[in-house]
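Working through the structure, step by step
As a plain string of letters, each chain reads:
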Amino acid sequence: MDNGLRVIVHEDKATPMVAFNILYDVGARDEDPERTGFAHLFEHLMFGGSVNIPSYDEPLQMAGGENNAYTTNDITNYYIQLPKENIETAFWLESDRMLSLNFNEKSLDVQRKVVCEEFKEHYINKPYGDAWKYMRQLAYTKHPYQWMTIGKELKHIEEASLDDVRAFFFKHYRPQNAILCVAGNVDTATVKELTQKWFGDIEPGKPYIRNIAPEPVQTAARSLTVEAEVPLDAIYKAWHMPGRMQEGYHAADILTEILGSGQSSRLYQKLVKEQSLFSNISCYHLGSTDPGLLVIEGKLVKGVAPADANAAIEQELTALLQQGLEKGEIEKARNKIEAMIVFEDMNLLARANNLAFYELLGDAGMMNTELDKYLSVSEETLLKAAKEIFRADNSNTLFYLRKQNGSNGLVP
């Protein structure tokens, strides 16, 4: 549109519903290091009333709709699903939120308290809740992925002022920083008309130029030991891996399937079932737009020495690098990923979300070629990626241990 808002229409006449997904190109990586947690705070503030609509949920519920949102280090995404007859309700609600929130001290105070309680419940009081606080700080020295989406520390949210949040909103929540996808039982002409009617007059805002320092290549292994009131010792290991649009991303994703996705995976079979070193273990990656982390994490069986458990993980990685894949491993991983993609595409909301995300990456049409990228990964490509990722000097290991009497929590 003239104000920079990108709009995607996906017609599916087989459903009576419409999915309305609006993605804002702002996440925790775009925050001031001294004012973190704002992207996530806004996920809550956006439901506190906009300039002309005091209550967001009530009119949506009256229209038979439901909604939710999520924040990552890269994006903030809001979505609605409602009957096609009431599609204009979604345009009305979301355009007014984009125009301006109803900024007031009462709304900010309410949502600030909600987020602070969430911070305490999930990241301070919950066992292992601060593990990723330590891991991100260990793995990243420059890039803003070094803090969690919830924020670096509680005081950044507690001290958030009305001027702070207003400035953040008008910097990032502008049409030219947003992608709207309308999917379901719709036609393009109607969506164009409604988009112009409700979003057309919103000012585009100033262009936001992202200027994030890249994370330097890690040149030495890092390790940290933390002691806390937890039931079992745990190990978190992370290695830097390619970003979402870089060569090697899809190979890394397949590696996580082979190593630690489910009870039939290599690490689970070897270290849980055969050697009884871990009560559970998994391997996954963070899916970051910029270069992210491939992670192995597991809870140890009581009595197992953390050093022995860590050595066993390293031994399995060495076996992968030296002996290669076992027969059928890559096909099994590809089949699981294909099934996941196909199953996800059956969901209307997921399709709308994915189309907006791929448009953010460069082209919504990439949604149709994503599976081919996984299927084209050869065993040779996979092992090449494994050798690059699982370098000793690229590893970060967090030993998260049961607190011993008299310990202050951090162990040198």
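For the structure given in this document, a descriptive report is provided here. Remember, it's a predicted structure, so these values are computed and weren't measured experimentally.

With that settled, consider unusual backbone geometry. Despite not being glycine, Tyr128 shows a phi value in the positive range, around 70°. If you trace the backbone, Tyr128 turns up in the loop between helix 4 (105-124) and helix 5 (131-139). The phi dihedral of Ser276 falls on the positive side, at around 55°, and the residue is not glycine.

A word on the pattern of salt bridges. This model, assessed by the stated rule, comprises 19 salt bridges. The shortest N-O distance in the salt bridge between Arg97 and Glu94 comes to 2.7 Å. Of this pair, Arg97 and Glu94 both sit in helix 3 (residues 87-99), separated by 3 residues, roughly a single helical turn. Since its relative accessible area comes to 1%, Arg97 is described here as buried. Taking the relative accessible area as the measure of exposure, Glu94 reaches 1% and is therefore buried. Here Glu314 ties to Lys237 by a salt bridge, and the two come within 2.9 Å at their closest N and O atoms.

To continue, consider the packing of helix 1 (residues 38-45) against helix 7 (residues 162-172). Two elements in contact, helix 1 and helix 7, have axes whose closest approach is 11 Å; the angle formed by their N-to-C orientations is 90°. What the angle tells us is that helix 1 and helix 7 run roughly perpendicular. Residue-level inspection shows Phe38, Ala39, Leu41, Phe42 and Leu45 of helix 1 in contact with helix 7, the latter providing Asp164, Val165, Phe168 and Phe169. Among the residues forming the contact of helix 1 with helix 7, the class breakdown is 8 nonpolar, no polar and 1 charged.

A few words now on the layout of surface pockets. Reported here for the largest pocket is a volume of approximately 1,200 Å³. As for the largest pocket, its lining consists of 44 residues, of which Thr72, Tyr249, Leu286, Gly287 and Phe357 are closest to the centre. Elements with a minimum of two residues in the lining of the largest pocket: strand 3 (66-71), helix 4, helix 5, helix 9 (249-260), helix 12 (329-345), helix 13 (348-361) and helix 14 (370-375). Its residues placed into classes, the lining of the largest pocket shows 20 nonpolar, 14 polar and 10 charged. Roughly 590 Å³ of volume is contained in the second largest pocket. Lining the second largest pocket we find 24 residues, and of these His240, Met241, Pro242, Gln246 and Glu388 sit closest to its centre. The set of elements that each furnish at least two residues to the lining of the second largest pocket consists of strand 7 (234-241) and helix 15 (379-389). For the lining of the second largest pocket, the class distribution of residues is 11 nonpolar, 7 polar and 6 charged.

Right, let's talk about empty space enclosed by the protein for a bit. In the structure shown here, the tally under the stated rule is 2 cavities of 30 Å³ or more. If you add up the space inside the largest cavity, you get close to 60 Å³. Lining the largest cavity, in full, are Leu45, Gly48, Gly49, Leu101, Asn102, Phe103, Asn104, Ser107, Leu108, Leu162 and Val165. Taken together, the elements giving at least two residues each to the lining of the largest cavity come down to helix 4 and helix 7. By residue class, the composition of the lining of the largest cavity is 6 nonpolar, 5 polar and no charged.

It is worth spelling out the environment of Ala221 at this point. Mapped onto the secondary structure, Ala221 falls in the loop between helix 8 (188-199) and strand 6 (222-228). Along the backbone, Ala221 and Glu117 are 104 residues apart, and their C-alpha atoms lie at a distance of 35 Å. Among residues more than four places away in sequence, those in contact with Ala221 are Ala392, Asp393 and Ser395.

Mapped onto the secondary structure, Arg136 falls in helix 5. Salt bridges are absent for the buried Arg136, whose nearest opposite-charge side chain, Asp74, sits at 8.2 Å.

Packing of helix 3 against helix 8 brings their axes to within 9 Å, and their N-to-C directions diverge by 35°. The two elements helix 3 and helix 8 meet at a crossing, and its hand is right-handed. Note on element contacts: helix 8 touches helix 3 through Val191, Leu194, Thr195, Lys197, Trp198 and Phe199, opposite Ile87, Glu88, Phe91, Trp92, Glu94, Ser95 and Met98. For the contact of helix 3 with helix 8, the per-class residue count stands at 8 nonpolar, 2 polar and 3 charged.

Rules of the game
- Residues numbered from 1 in each chain as written.
- Predicted model: local features only at pLDDT ≥ 70, side-chain atom pairs only at ≥ 80, totals over all residues.
- Heavy atoms only, no water.
- Helix = DSSP H or I, 4+ residues; strand = E, 2+ residues; numbered from the N terminus.
- Salt bridge = Lys/Arg side-chain N within 4 Å of Asp/Glu carboxyl O.
- Buried < 20%, exposed > 50% of the residue type's maximum accessible area, 1.4 Å probe, protein only.
- Axes fitted to C-alpha atoms, helices over the stretch in contact; angles between N-to-C directions.
- Parallel < 35°, antiparallel > 145°, perpendicular 65-115°, else oblique.
- Contact = heavy atoms within 4.5 Å.
- Nonpolar A, V, L, I, M, F, W, Y, C, P; charged D, E, K, R; others polar.
- 1 Å grid on protein atoms, 1.4 Å probe; cavity = no way out; pocket = protein on both sides within 12 Å on 5 of 7 lines; lining within 4 Å.
- Points joined across faces, edges and corners; volume = space filled by probe spheres on them.
- Lys, Arg positive; Asp, Glu negative; His and termini not counted.
- Left-handed = near helix turned anticlockwise from the far one by under 90°.

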